[in-house]
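Here's the letter readout for the chains.
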Amino acid sequence: QKLLADHPSVDLHATDHTQVVKPLSIDHESIDAAIRQQQFVVYYQPQIELFTGEVIGFEALLRWQHPQHGIQLPELFIHVAEDTGQIEALTEYVVVTGIQFIQSISSTLCLSVNISAKSLHNDRLIMMLEQVCQRFAFDPARMILELTETATMLDTQQAERILTHLREQGFKLSIDDFGTGYSSMSQLAALPFTELKIDKSFVTTMEASSKSRKVIASTLKLAESLGLETIAEGIENSMAAIGLRELGCRFGQGYFFARPMDAAASKVWLSHWNGQR
Ligand code: C2E
Ligand code: MG
Ligand code: MG
Ligand code: MG
């Protein structure tokens, strides 16, 4: 059966729905159905120590594997799930799945998980994370919560209280996409981050742009003076990996090392990587 959804001449309101794949609607109902039908899958991208080549952990990245429309990226559905409140269920799914994955490959590697700023408006995130870590006997020190800088986060005293509590429980806190959000400096000072993640927009342009390199260099100095670990995302070639290492960036991830992969492919990748070193 042919997929007709992208064909402009097809009447999408035709009554014979067996012949037509409707455009993917992304709303509460379709996300709910996707959760029930287990269409959400977690992909993993390795994070590397740039000086030693050692794998230090994996970042969990959510995918919607749609039976007709194929793999859907988070930019398409995360903001909807945030608006409908379904992000909480999705985050729990990623955390549970990610912990089981990481425990199946190692007793020391870390798991990075993206946390929506919307989840910092009440205590349910704290309860969920503590419960899941307890259930799987997973040390919170092996979990890195990645948060982007957003106005929502800055708005609220609540976010500061929640993040401080999580840090006290041992969770690591990373400031994702650093340099692209609002009010980086005031957040850095007020919130108990442990890691700063340099946004890929600077990394992918660092070879061509001396300004990008300068932003990266001064960001790394800032991180060092604040005692933060540093990781760069978007490393697409060896030049970027070497350049970042020369500037003193300790960790990195990107297509140069590996694309985000499903659990099975990640395990294969890891054994190859470890076998080659
Ligand atoms: P992010 O956390 O900043 O993740 C990095 C994004 O860059 C990922 O896109 C990744 O696939 C992509 N990437 C990795 N290496 C390279 C590279 O070398 N070059 C380039 N150009 N890109 C690279 P992805 O997976 O589409 O995720 C996009 C964003 O969606 C994430 O950005 C994160 O903010 C959000 N996201 C993903 N999974 C979740 C989740 O479970 N919960 C929440 N709340 N947000 C998520
Ligand atoms: Mg991230
Ligand atoms: Mg990022
Ligand atoms: Mg991002």
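That block above? That's the structure.
A quick note: this is a predicted structure, and the numbers were derived from the prediction, not measured. (Residues numbered from 1 in each chain as written. Chains lettered and ligands numbered in written order. Predicted model: local features only at pLDDT ≥ 70, side-chain atom pairs only at ≥ 80, totals over all residues. Heavy atoms only, no water.)

**Student:** I tried to follow the layout of surface pockets on my own but got confused; where do I start?
**Tutor:** Taking a probe equal in size to a water molecule and rolling it over the atoms shows the remaining empty space. Put simply, the largest pocket is a space of about 1,200 Å³. Its residues assigned to classes, the lining of the largest pocket comprises 15 nonpolar, 12 polar and 13 charged. (1 Å grid on protein atoms, 1.4 Å probe; cavity = no way out; pocket = protein on both sides within 12 Å on 5 of 7 lines; lining within 4 Å. Points joined across faces, edges and corners; volume = space filled by probe spheres on them. Nonpolar A, V, L, I, M, F, W, Y, C, P; charged D, E, K, R; others polar.)

**Student:** Help me understand the state of the cysteines, please; the structure alone is not making it clear to me.
**Tutor:** Disulfides are covalent bonds that link the sulfur atoms of two cysteine residues. Per the stated rule, a full pass over the model turns up zero disulfides. Left without a disulfide partner, Cys 110 is nearest to the cysteine sulfur of Cys 133, which lies 12 Å away. Residue class for Cys 110 comes out buried when judged on its relative accessible area of 18%. On the accessibility criterion, Cys 133 (4% relative accessible area) is buried. (Disulfide = S-S within 2.5 Å. Buried < 20%, exposed > 50% of the residue type's maximum accessible area, 1.4 Å probe, protein only.)

**Student:** In this structure, what is going on with the pattern of salt bridges? I would like to understand it.
**Tutor:** Oppositely charged side chains may form a pair once their charged atoms are brought near each other. On inspection of all chains with the given rule, the structure shows eight salt bridges. Between Arg 36 and Asp 32 there is a salt bridge, with the nearest N and O atoms lying 3.6 Å from each other. Residue Arg 36 and its partner Asp 32 are both found in helix 1 (residues 28–36); the two are separated by four residues, about one turn of the helix. Overall, Arg 36 belongs to the exposed group, its relative accessible area being 57%. (Salt bridge = Lys/Arg side-chain N within 4 Å of Asp/Glu carboxyl O. Helix = DSSP H or I, 4+ residues; strand = E, 2+ residues; numbered from the N terminus.)

**Student:** How should I be thinking about the pairing of strand 7 (residues 195–198) in this particular structure?
**Tutor:** Along a regular strand, successive side chains alternate from one face of the sheet to the other. Residues of strand 7 alternate between two faces, with Glu 195 and Lys 197 on one and Leu 196 and Ile 198 on the opposite face, all of them buried. Note: strand 6 (residues 172–178) against strand 7, three bridges, orientation parallel. Considered in strand 7, the bridge of Ile 175 is made with Leu 196. (Pairing = 2+ DSSP bridges.)

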